[in-house]
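Here are the chains, one letter per residue:
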Amino acid sequence: MTKADVVKAILKKLDSKQDKFFTRAMDELTNESIIEVQTDGVTLVLTQKGADLL
């Protein structure tokens, strides 16, 4: 699945309520340094902290 597929199939189909919760979850994961969002806005990178939590 390409990044474009993710955007087309998932992110663009979120309603406003889903988008609000998705945004909140992504903010929490990045603020806790569990993931990093790359500059393209789609690529997510698991940090060492995130890997350690697994």
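Residues numbered from 1 in each chain as written. Predicted model: local features only at pLDDT ≥ 70, side-chain atom pairs only at ≥ 80, totals over all residues. Heavy atoms only, no water.

**Student:** So what's going on with the overall build of the protein chain? Which residues, and what values?
**Tutor:** Assigned secondary structure in the protein chain consists of 3 helices and 2 strands. Along the first, second and third principal axes, the C-alpha atoms of the protein chain reach 30 × 25 × 20 Å. Looking at the protein chain as a whole, 9% of its 54 residues qualify as buried. A sequence separation of at least 24 residues applies to 12% of the contacts in the protein chain between residues at least 6 apart. (Helix = DSSP H or I, 4+ residues; strand = E, 2+ residues; numbered from the N terminus. Buried < 20%, exposed > 50% of the residue type's maximum accessible area, 1.4 Å probe, protein only. Contact = heavy atoms within 4.5 Å.)

**Student:** Could you give me a rundown of the packing of aromatic side chains, with the residues and numbers involved?
**Tutor:** Tallied over the full model, the rule gives 0 aromatic pairs. Over the face of the ring belonging to Phe 21 we find Lys 20, whose NZ or CZ atom lies 5.3 Å from the ring centre. (Phe/Tyr/Trp six-rings, centres within 6.5 Å; stacked < 30°, edge-to-face > 60°. Lys NZ or Arg CZ within 6 Å of the ring centre and 35° of its normal.)

**Student:** So what about the confidence of the model for the protein chain? Which residues, and what values?
**Tutor:** Mean pLDDT over the protein chain stands at 86; residues scoring 70 or higher make up 96%. For the protein chain, per-element mean pLDDT is lowest for helix H1 (residues 3–9), which scores 73, and highest for helix H3 (residues 48–53), which scores 96. (pLDDT = per-residue confidence, 0-100.)

**Student:** Please give an account of helix H2 (residues 16–31) that cites residues and values.
**Tutor:** Between its first and last C-alpha, H2 extends 22 Å over 16 residues, near the 22 Å set by a 1.5 Å rise per residue. For H2, the capping residue at the N-terminal end is Asp 15, with a side-chain oxygen 3.1 Å from the backbone nitrogen of Lys 17. The first or second residue beyond H2 is Ser 33, which carries a positive phi of 60°. (Expected span 1.5 Å × (residues − 1). Polar contact = N/O pair within 3.5 Å; in protein donor to acceptor, adjacent residues only side chain to side chain.)

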